[in-house]
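Structure assessment
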Amino acid sequence: AGQTTKDVKVSAVRGGFLAVTVLGKLDRKPLTDVSINAFKETYQTGAGSGTNGVALLRLPPGEYQVSAYKNNSRSEPTAATVEDGRTNRLEIELKPPPKITGVVRDASGKAVPDLQVSVFPNWGQNAGGAKTDAKGHYEMPWDPQQPGLRGGGSCLLARDVERNLATAQDIEESTTTLDLRLEPGLVVAGRVEDVNGKPLTNASVRVYLWSGNSGSQFDDKPIRTDARGRFEITAMPPGRKYSLDATAKGFGSANQSIQENADTNRVELEPCVLKVADRKLAGEVVDTDDKPVARANVYMYGQGQ
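Let us look at the structure shown here. Treat the numbers as computed from the prediction; the structure is a model and nothing was measured.

What counts and how
Residues numbered from 1 in each chain as written. Predicted model: local features only at pLDDT ≥ 70, side-chain atom pairs only at ≥ 80, totals over all residues. Heavy atoms only, no water. Helix = DSSP H or I, 4+ residues; strand = E, 2+ residues; numbered from the N terminus. Rg over C-alpha atoms; globule rule 2.2 N^0.38 Å. Buried < 20%, exposed > 50% of the residue type's maximum accessible area, 1.4 Å probe, protein only. Contact = heavy atoms within 4.5 Å. Areas by Shrake-Rupley, 256 points an atom, 1.4 Å probe, with all protein chains shown as cover. Lys, Arg positive; Asp, Glu negative; His and termini not counted. Charge placed at Lys NZ, Arg CZ, Asp CG, Glu CD. Salt bridge = Lys/Arg side-chain N within 4 Å of Asp/Glu carboxyl O. Pairing = 2+ DSSP bridges. Core = buried A, V, L, I, M, F, W, Y, C linked by side-chain atoms within 4.5 Å.

Scanning the protein from terminus to terminus reveals 0 helices and 25 strands. Rg of the C-alpha trace for the protein: 26 Å, well past the compact-globule value of 19 Å for 305 residues, more than 25% over. When its C-alpha atoms are laid out on the principal axes, the protein stretches across 75 × 65 × 25 Å. Counting over 305 residues, the protein shows a buried share of 36%. Within the protein, residue pairs in contact and separated by at least 24 positions form 57% of the contacts whose partners lie at least 6 positions apart. For the protein, the exposed area adds up to about 18,700 Å²; of that, 47% sits on carbon and sulfur atoms. When the 38 positive and 38 negative side-chain charges of the protein are each reduced to one mean point, those points stand 5 Å apart.

So this is what it looks like as structure tokens:
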């Protein structure tokens, strides 16, 4: 600290090229716009394949692991060697993305058209899902190997909000066909208030659906409380694990789990009580020489914060 280091030498090497050709595993046709990633312990880079299915990477010499990814389909890492001043070639076969197909029907057995079907947790490439056609049929690609989903804990979700119907069925990596039957949905209602019982209007409520050890936000957008501080969520698949968080500007937060009532499909929650966030915490971040550290990120968390 406080010293200037001089005469540092940085050596550059021309390295070599790695030409990666990506082919479809079934038809052996070149695949375009495939993301190619090459990595070793001290270096990592990526490139996309062109119309000829080839991605060209300039790399420092060494041993690499190379993988390919496109549309929920990924390859296992493949070993490749890069030599200085040479072009080495590698061929990767990419399987078609895994798909789940089926038909969605209501309680009477009638096919339900134009209904959203999605995988939960809905992270990354699995977000979005698919819609049923006029015959209630859906076809949806998904990535069971996506980080966070490995080891199971995924489910397939369908909701008919207008009729308060919903279902969620567990799926595994081997699942390729699954018909869904809608049933009366769970209705969850509650209230957000301050410590004096005054309703908090325009508070935000986020509901999380849990599958295995993974939780994902149930709705795309948070639910807002009304003028009485109340909120209501409909068409929630019964028999699942849920939790919710409530927050409001100028206040802390509250969270609670949702327990179903065996006698009815409606759940009235205890009020979410938020404390006023009227305190400030200030301090200083210093390095090992007690000198101020600028632009450091400081985080605080805890129950009700």
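Moving on, we come to the pattern of salt bridges. Overall, the coordinates contain 15 salt bridges when judged by the stated rule. When the shortest N-O distance is used, the salt bridge between Arg28 and Glu93 registers 2.6 Å. Placement of Arg28 in the loop between β1 (16-24) and β2 (35-40) and of Glu93 in strand β8 (residues 87-94) is noted, with a sequence separation of 65 residues between them. Overall, Glu93 belongs to the partly exposed group, its relative accessible area being 34%. Among the charged side chains, a salt-bridge network with shared partners connects Lys25, Arg28, Glu91 and Glu93.

This part takes up the pairing of strand β4 (residues 54-59). Only one face of β4 is buried: it carries Ala55, Leu57 and Leu59, and the other face, with Val54, Leu56 and Arg58, is open. Judged from the 6 bridges that link them, β1 and β4 form a sheet pairing that is antiparallel. Of the residues in β4, the one forming a bridge with Ala19 is Leu56.

Okay, the side chain of Ser67 next. With respect to the helices and strands, the residue Ser67 is situated in strand β5 (residues 62-70). Overall, Ser67 belongs to the buried group, its relative accessible area being 18%.

For Asp7, which is not glycine, the phi torsion reads 60° and is therefore positive. Inspection of the secondary structure puts Asp7 in the segment before β1. Here Asp7 falls in the exposed class, since its relative accessible area comes to 76%. For Arg295, which is not glycine, the phi dihedral falls at a positive 60°. Here Arg295 lies in the segment after β25 (272-274). Using a relative accessible area of 79% as the deciding quantity, one classes Arg295 as exposed.

Now for the nonpolar core. Counting residues in hydrophobic clusters, the biggest one holds 27 residues, and the most contacted among them are Val192, Val207, Phe218, Met236 and Ile258. Mapped by element, the contributors of at least two residues to this core are β13 (154-160), β17 (186-194), β18 (204-211), β21 (230-236), β22 (241-247), β23 (253-258) and β25. In contact with Met236, other than residues within four places in its own chain, are Ala166, Gly185, Leu186, Val188, Val207, Phe218, Tyr242 and Ile258.

This part takes up the sheet that holds strand β11 (residues 130-131). On the basis of which strands lie adjacent, the open sheet formed by 5 strands has the order β11-β10-β13-β14-β16 and antiparallel pairing. Two strands bound the open sheet, and with one partner strand each, they are β11 and β16 (183-184). Relative to β11, strand β10 (residues 116-120) runs antiparallel, the two being bridged by 2 bridges. Directly across from Val117, in β11, lies its bridge partner Ala130.

Right, let's get into the sheet that holds strand β9 (residues 99-105). With respect to topology, 3 strands assemble into an open sheet ordered β12-β9-β15, the strand pairing being mixed. Pairing within the sheet leaves two strands with one partner each, and these edge strands are β12 (137-141) and β15 (180-181). Both β9 and β12 contribute to a ladder of 5 bridges, which runs antiparallel. The residue bridging Gly102 from the neighbouring strand is Tyr138, located in β12.

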